[in-house]
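One-letter residues, chain by chain:
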Amino acid sequence: MSSIETKTVNAIRILGCEAIEKAKSGHPGIVLGAAPALYELWANHMVHNPSKPDFINRDRFIISSGHGSALLYSMLCVFNYGLTVEDMKGFRQLGTLTPGHPEYGHAKGVEISTGPLGQGIANGVGMALAERSLGAKFNKGPLKPIDHYTYVLCGDGCLMEGISYEAMSFAGAQQLGKLIVLYDSNNITIEGKTEITFKDDIKKRVKSANWQYICVNDGNNLEEIGQAIEKAKAKTDKPTLIEIKSVIGYGSPNKSGTSGVHGAPLGAEELKATKANLGLDPEKEFFIDDDVKAHMKEVCAKLEGLEDERKKVYEAYKAEYPEDYAELEKWLAGDYGKDLENCEDFWATDGALRSTRQCSEIILNRAADYVPNLIGGSADLSPSNLTVMKKREYLSPETPEGTNIHFGIREHAMASIANGMYVHGGFRPYFATFFVFCDYLRPALRMQGIMGLPLIAIFSHDSIGVGEDGPTHQPVEQLASLRSLPNYAVFRPAGLAETAAAYCYALKSENQPVAIVTSRQNIPEVQGMGKGALKGGYIISDGEKEIPDVILMASGSELPLIEEGAKTLSAEGLSVRCVSMPSMDVFDMQSDEYKESVLPKACTKRLAVEAGSSFGWHKYIGFEGDTITIDNYGVSGKFVDLFKKYGFTYDNVVEKAKNLL
């Protein structure tokens, strides 16, 4: 390591630690320990241009150990990404570009939000998968507009999380040779040494997952780190994990190598001692010396030249293959699927008796005809979820252009991989599993909502209608739970038209993920269903009075029950309004005037029917309303018997409605 490189690394270290000290909050251990690895990667191996950070063919970097955000921000500052020393002073403060964990869409250079440990590894798998698939579609011989690497920094905690096993196993099976994970191996967690809970042989684990393993014994040796990165880049048929042996809190005279430096500021005096120990002036604060700035100016000029070389390829591709280039630009812009509302064949219905998972299969395949960059699959359940695009190939190392994905039984990794694919750019991902298993991937759903990623989750087998599989597989509380997620639209459609509305809404969405929840059992088509479902809730039939005597509400498979009940009640002289509520989330977004037109306040006699928890319906039924719902875990049995047992019958709808009156 040259003297100026040493000084630059130490400047990165101290800048991050000063931000933490000023905030009185943060994680200095990783900043001090992992700075050399990141400097070497960013300065000498990664193709990126701080002055133009959005070029599609840049290399990607994810800090999976998102608690080390101060290290990432310090890198962005020193590498001239536009983050300033003043921004560093605002670390972890309200309204700044330097929040406690990296947030997508805030500071330039932050590729994706991270913090929940392990998800960053899966995000990296998704980015690497997107790079390979997009390249397989568009690259032509030596002209490769999509040709880059994905790098991830992770720690011991990331590798303890189960999602890392799932994601790495998938990546190894897919042979994602342009995925490189730098493992900051410092053997310390919050509670002490990792050996108290973590004795894995990482080398054996990594190799068994079909990864290349490389070890760097000195985390301060830039030359050794650089050689490892180049060796990793040369391995094209396997992803690589580079274990870099580091010292947490390196340079801190009294705290290095201890758990005390993991998640608390060094303290003013220890910070000064650390500066002195690293050869910096202990009295200077938030200071970058002129020679470091000059060095980084040279580094950034070199990086700009590397990006220029890739841009030349991009421009040559544009000239040689103008039609392919135009299509690539359209894929990257995400312009497909915006006009589905006006495509008659997309909305065509036939009145057939079918489950909404079958409706979903039909609409998904119609959507695939309009949206060529639709990509996705299921966690080993596609024959049950019915989530295969029938005109498309399966994705594999041999057919990287395929867009049906076998994710394997890896729900959490599946959703996080999809997040990475979307953020990379070029694809519109969907993913699927049984609805009851949405709990396995909840952390990734939450990140979608936080980042505003318009992904599509397809959850089949939506209720006690699962039947014989019993309470372990019967989603009861999942609808209410999923509806509670901010910025997440949950659709539970009742037929082909409402399923089309769910997909139409999802593919038009620009910053809201959508879950489409479908039934196992067949559901009769109900007249009146249609594009009104795009508003989340709408009237499908009505009585003669402007203000009805009673309002019946339902979603999904229970919609036919209220329609049949309404016929009997109407025959007895009552004015009955039936409201389909496929998406509470979307209905709540409508104007007050529209909501009043559907659910007038003057009508307080309201009955909600849904084969799930009552939680959430009370905002619509009020104090004088009632529900036919299920607030226990169900039992095993034929679904028709279960529906009778729990009151999901036409007779009970009529009785409950009369009781309200």
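Here, every reference points to the structure presented above.
Draft legend 1. Layout of the overall build of the protein. Along the protein, the regular secondary structure elements total 25 helices and 20 strands. A compact globule built from 661 residues would reach a C-alpha radius of gyration of about 26 Å, and the protein, at 28 Å, matches this within 12%. For the protein, the spread of C-alpha atoms along the three principal axes comes to 90 × 60 × 45 Å. Burial statistics for the protein: of 661 residues in total, 61% are counted as buried. In the protein, of all internal contacts separated by at least 6 residues, the share reaching a separation of at least 24 is 76%. Summed over all atoms, the accessible surface of the protein reaches about 24,800 Å², with 49% contributed by carbon and sulfur.

Draft legend 2. The packing of helix H7 (residues 162-174) against helix H16 (residues 411-424), seen in detail. H16 packs onto H7 with a crossing angle of 65 degrees between their chain directions and a minimal axis gap of 8 Å. Put simply, H7 runs roughly perpendicular to H16. For the pair H7 and H16, the sense of crossing is right-handed. Where H7 abuts H16, its residues Ile163, Glu166, Ala167 and Phe170 lie against Glu411, His412, Ala413, Ser416 and Ile417. Partitioning the contact of H7 with H16 into residue classes produces 5 nonpolar, 2 polar and 2 charged.

Draft legend 3. Spatial organisation of the side chain of Asn186. As for its position among the elements, Asn186 is in the loop between strand E3 (179-185) and strand E4 (188-189). Apart from residues lying up to four places away in sequence, Asn186 is in contact with Asp156, Ser246 and Ile248.

Draft legend 4. Just the sheet that holds strand E9 (residues 374-378), in detail. As summarised here, the arrangement of the 6 strands in space is E10-E9-E11-E12-E14-E13, forming an open sheet in which the pairing is parallel. In this open sheet, the two strands that pair with only one neighbour each are strand E10 (404-406) and strand E13 (489-491). Direction aside, the axes of adjacent strands within the sheet are offset by 20 degrees on average. Where strand E12 (residues 456-460) meets strand E14 (residues 514-517), 4 bridges bridge the pair, whose relative direction is parallel. Residue pairing in the sheet places Phe459 in a bridge with Val517 of E14. Sitting on the sheet, helix H14 (residues 356-370) is in contact with E9, strand E11 (428-434) and E12, with an inclination near 150 degrees to E9.

Draft legend 5. How the structure looks around the nonpolar core. By size, the foremost hydrophobic cluster in this structure holds 150 residues, and its most contacted members are Leu241, Phe346, Phe431, Phe459, Leu552 and Phe648. No other element matches helix H19 (residues 496-508), which puts 10 residues into this core. Apart from residues no more than four positions distant in its own chain, Phe459 is found in contact with Thr433, Phe434, Phe435, Cys438, Leu441, Leu445, Leu482, Ala515, Ile516, Val517 and Thr518. Counting 65 residues, the second-largest nonpolar core is a separate cluster that includes Leu38, Tyr39, Ile214 and Ile248.

Draft legend 6. Quick look at the sheet that holds strand E18 (residues 576-580). Pairing in this open sheet of 5 strands is mixed, and the strands run E16-E18-E17-E19-E20 from one edge to the other. Edge strands, defined here as strands with exactly one partner in the open sheet, are strand E16 (538-541) and strand E20 (626-628). In this sheet, adjacent strand axes meet at a mean angle of 30 degrees when their direction is disregarded. Looking at chain direction, E16 and E18 are connected through 3 bridges and run antiparallel. If you follow Ser541 over to E18, its bridge partner there is Cys578. Running over the sheet, helix H20 (residues 559-571) touches E16, strand E17 (550-554), E18 and strand E19 (606-609) and is turned about 175 degrees from E18.

Definitions and cut-offs
Residues numbered from 1 in each chain as written. Predicted model: local features only at pLDDT ≥ 70, side-chain atom pairs only at ≥ 80, totals over all residues. Heavy atoms only, no water. Helix = DSSP H or I, 4+ residues; strand = E, 2+ residues; numbered from the N terminus. Rg over C-alpha atoms; globule rule 2.2 N^0.38 Å. Buried < 20%, exposed > 50% of the residue type's maximum accessible area, 1.4 Å probe, protein only. Contact = heavy atoms within 4.5 Å. Areas by Shrake-Rupley, 256 points an atom, 1.4 Å probe, with all protein chains shown as cover. Axes fitted to C-alpha atoms, helices over the stretch in contact; angles between N-to-C directions. Parallel < 35°, antiparallel > 145°, perpendicular 65-115°, else oblique. Left-handed = near helix turned anticlockwise from the far one by under 90°. Nonpolar A, V, L, I, M, F, W, Y, C, P; charged D, E, K, R; others polar. Pairing = 2+ DSSP bridges. Core = buried A, V, L, I, M, F, W, Y, C linked by side-chain atoms within 4.5 Å.

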